[in-house]
Amino acid sequence: MPVTVVVGAQWGDEGKAKIIDLLSRDHTYVVRYQGGHNAGHTVVVDGERYALQLVPSGVLYDHVVPVIGNGVVVDLPTLFAEVDTLEGRGIDCSALKVSSRAHLIFPWHQAHDAIAESVRGDDKIGTTLKGIGPAYADKARRVGIRAGEVVDPDAFRAAVRARAIAENAVIEHAGEAPLDVDAIVDAFAELGERVRPFVADTVTLLHAAVAAGEHVLLEGAQATFLDLDHGTYPYVTSSNPTAGGACAGSGIGPRDIDRVVGITKAYTTRVGAGPFPTELTDELGDRLVDVGREFGTVTGRRRRAGWLDAVMLRHAVRNNTLTEIALTKLDVLDGFDEVRVCTGYRLDGELLDAYPDRSDVLARVEPEYVTLPGWGEAVSAARSADDLPSAARDFIDLVEREVGVPVAVVGVGAARDDVVVRG
Ligand code: GDP
Ligand code: IMO
Ligand code: MG
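Residues numbered from 1 in each chain as written. Chains lettered and ligands numbered in written order. Predicted model: local features only at pLDDT ≥ 70, side-chain atom pairs only at ≥ 80, totals over all residues. Heavy atoms only, no water.

Asker: Looking at this model, I keep getting lost on the site of ligand 1. Mind explaining?
Answerer: Around ligand 1, the surrounding shell holds 19 residues, and the nearest of these are Lys-16, Gly-40, Thr-42, Lys-329 and Asp-331. Contact between ligand 1 and Gly-40: an oxygen atom at 2.8 Å from a main-chain N or O atom of the residue. Within the side chain of Asp-331, a nitrogen or oxygen atom sits 2.7 Å from a nitrogen atom of ligand 1. Look at ligand 1: alone it shows 580 Å² of surface, and the protein chains cover 91% of it. Counting residues per element, the ones that place at least two in the shell around ligand 1 are helix H1 (16–24) and strand E3 (41–45). When grouped by side-chain class, the residues that make up the shell around ligand 1 number four nonpolar, eight polar and seven charged. (Near = heavy atom within 4 Å. Polar contact = N/O pair within 3.5 Å; in protein donor to acceptor, adjacent residues only side chain to side chain. Areas by Shrake-Rupley, 256 points an atom, 1.4 Å probe, with all protein chains shown as cover. Helix = DSSP H or I, 4+ residues; strand = E, 2+ residues; numbered from the N terminus. Nonpolar A, V, L, I, M, F, W, Y, C, P; charged D, E, K, R; others polar.)

Written out as structure tokens, the structure reads:
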């Protein structure tokens, strides 16, 4: 299985990093292919918690080459803060590669993100304010600055200065305080020097790795329903987390991918605005948030929570051609009297047979549920399917039947080894 994609099957924070860390044991390259430091990927090893935003989640293993692919938008201050923190904790980051084709994020992107959110008023998307959307917009407008440009320091400096001046005019026009152009140019000239040894033609590097039969793991950030094309537009991020995006964002072609693992929690969460059919706004929702510690890794925001939605997951299976599912955070459902899974949507009384293509329609659907008895005992000590209570096994079987692909892995706790790998 040389190339594997890991993709979020819901609205993010499914526990992708934990599963990527698990799979990294058998992979030599772990490649981020989209998004930026809007991601917060948590791995817990020996009681130590690592919260990664840009550095690929395989970094904790010495045998892994972590790669930031061409599809990522890179905030250099965050990247080096993260590298310094990791190195300070004894994690070697010297093998890191940053694609020469990856676009850089600059302070004007963050300024534009804030302005765009404030202009939306009550219609805010609830972005992470990291400048992700504006950086991808510049890429699409063909005015972005790519990491490869740092190889010529004078030209890089001039490009940063020209863009800063142009963007300042727009920022001032919006009534905001202008950015300090000289300070930005100096800071980024220094960051450019620092990133230079890490910059590489990662596309050629990965082609060589695939040709040599190396195992490559493509790490998705965000998720299927935050995808710019396939998510709940406009309440989405500005990249393509779906498996198709893994090809564009890494340079690896679709026929080289043999395995696509979709990650889902045993329930659903979302952070930021947008439709959420199975959302629970009662004490059951509060319980999911409290027990599941559902607060954003990056922004600290409280996540919205609700029951598992198999309609979403079926769509994610098709959209990503998932070969299997990893079902995380099963332990959070311990002790619920009953657990529910949404198996269908009704709109004006009619059962829908396709996932709604409009957010206003999705906001109006009524979920249909299958209700199962809960399990009283804790699942966290389980290491094989036989160790799980029978009610928990019934829940997993229901998910598998509804979704149509195997549930290959079940998460029963936050730590690296808190998993049940099913046959
Ligand atoms: P990602 O963005 O998809 O990588 O997920 P996050 O790291 O943002 O959020 C997932 C959270 O759940 C993190 O705090 C993980 O440590 C934690 N986690 C992952 N898997 C499990 C699990 O099976 N059980 C529990 N209780 N926590 C988990
Ligand atoms: P990981 O990789 C959850 C959400 C934001 C907002 C929307 C757009 O940790 O799963 P953006 O800043 O990307 O323009 O915000 O997307 N969002 C995430 N939600 N997990 C993430 O990443 C997210 N990255 C962005 O909350 O609703
Ligand atoms: Mg996260």
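Asker: Whenever I open this one, helix H7 (residues 202–211) confuses me. Can you help?
Answerer: Three- or four-residue spacings in an α-helix give side chains the same orientation, since the helix completes a turn every 3.6 residues. Those residues of H7 lying buried are Thr-202, Val-203, Leu-206, Ala-209 and Val-210. Considered in projection along H7, the buried side chains sweep an arc of 125° and stay on one side of the axis. Once H7 finishes, Gly-213 follows within two positions and takes phi at roughly 80°, a positive value. (Buried < 20%, exposed > 50% of the residue type's maximum accessible area, 1.4 Å probe, protein only. Arc of directions from axis to C-beta.)

Asker: Is there a simple way to explain the side chain of Ser-239 in this structure?
Answerer: Here Ser-239 is to be found in the loop between strand E10 (216–219) and helix H8 (243–248). Overall, Ser-239 belongs to the buried group, its relative accessible area being 4%. Within the structure, Ser-239 has its side chain in polar contact with the side chain of Gln-34 (distance 2.9 Å). Discounting residues that sit within four places of it in the chain, Ser-239 has contacts with Gln-34, Gly-35, Tyr-136, Gln-222, Leu-226, Asp-227 and Leu-228. (Contact = heavy atoms within 4.5 Å.)

Asker: Honestly, the environment of His-27 in this entry has me stumped. Any pointers?
Answerer: On the secondary structure map, His-27 appears in the loop between H1 and strand E2 (29–32). Along the backbone, His-27 and His-63 are 36 residues apart, and their C-alpha atoms lie at a distance of 8.3 Å. Look past the residues within four positions of His-27 in its chain and what remains in contact with it is Thr-4, His-63, Val-64, His-215, Val-216 and Leu-217. Within polar-contact distance, the side chain of His-27 engages the backbone oxygen of Leu-23 at 2.8 Å.

Asker: What am I meant to see in the coordination of the magnesium ion (ligand 3) here?
Answerer: Distances from the magnesium ion (ligand 3) to its protein donors, Asp-13 (OD) and Gly-40 (O), fall at 2.0 to 2.2 Å. Remark: Gly-40 occurs in the loop between E2 and E3 and Asp-13 occurs in the loop between strand E1 (3–8) and H1; sequence separation between them is 27 residues. What makes Asp-13 partly exposed here is its relative accessible area of 23%. On the accessibility criterion, Gly-40 (11% relative accessible area) is buried. (Donors = N, O, S within 2.8 Å, 3.2 Å for Na, K, Ca; no water.)

Asker: I keep staring at the sheet that holds E1 and nothing clicks. Help me out?
Answerer: Think of a sheet as strands paired side by side through backbone hydrogen bonds, with each pair either parallel or antiparallel. Strand order in the open sheet formed by ten strands is E9-E7-E5-E2-E10-E1-E11-E15-E19-E20, and the pairing between neighbours is mixed. Unpaired on one side and paired on the other, strand E9 (199–200) and strand E20 (419–421) mark the two borders of the sheet. For E2 and E10, the ladder comprises four bridges, and the chain directions are parallel. Bridge pairing links Val-31 to Leu-218 in E10. (Pairing = 2+ DSSP bridges.)

Asker: Any chance you could explain the site of ligand 2 here in plain terms?
Answerer: Inspection of the region around ligand 2 gives 20 residues, with Lys-16, His-41, Thr-128, Gln-222 and Thr-237 positioned closest. Within the side chain of Asn-38, one N or O atom sits 2.8 Å away from an oxygen atom of ligand 2. Taking Gly-40, its main chain carries an N or O atom lying 3.0 Å from an oxygen atom of ligand 2. Protein contacts shield 98% of the accessible area of ligand 2, which totals 550 Å² for the unbound molecule. In terms of residue class, the shell around ligand 2 is built from seven nonpolar, ten polar and three charged.

Asker: Got a minute to help me understand the packing of helix H2 (residues 76–88) against helix H6 (residues 181–195) in this structure?
Answerer: Working note: a packed helix pair is described by the angle between its axes plus the distance between those axes. Contact geometry for H2 and H6: axes closest at 10 Å, N-to-C directions at 50°. In terms of their interaxial angle, H2 and H6 are classed as oblique. In this structure, the crossing between H2 and H6 has a hand that is left-handed. Contact with H2, carried on its side by Leu-76, Pro-77, Leu-79, Phe-80, Val-83 and Asp-84, involves Phe-188, Leu-191, Arg-194 and Val-195 of H6 and no other residues of that element. Of the residues contributing to the contact of H2 with H6, the split by class is eight nonpolar, no polar and two charged. (Axes fitted to C-alpha atoms, helices over the stretch in contact; angles between N-to-C directions. Parallel < 35°, antiparallel > 145°, perpendicular 65-115°, else oblique. Left-handed = near helix turned anticlockwise from the far one by under 90°.)

Asker: Teacher, can you tell me more about the nonpolar core here?
Answerer: One recurring pattern in soluble globular proteins is that nonpolar side chains are buried together. Val-216, Leu-218, Leu-330, Leu-333, Trp-375 and Phe-395 are the most contacted members of the largest nonpolar core, which has 71 residues in total. If you tally residues by element for this core, the top one is helix H12 (residues 390–403), at seven residues. Leaving out residues up to four positions away in the same chain, Leu-333 has contacts with Ala-266, Tyr-267, Leu-288, Val-339, Trp-375 and Phe-395. With 43 residues, the next largest nonpolar core counts Ala-17, Leu-54, Phe-156 and Val-185 among its residues. (Core = buried A, V, L, I, M, F, W, Y, C linked by side-chain atoms within 4.5 Å.)

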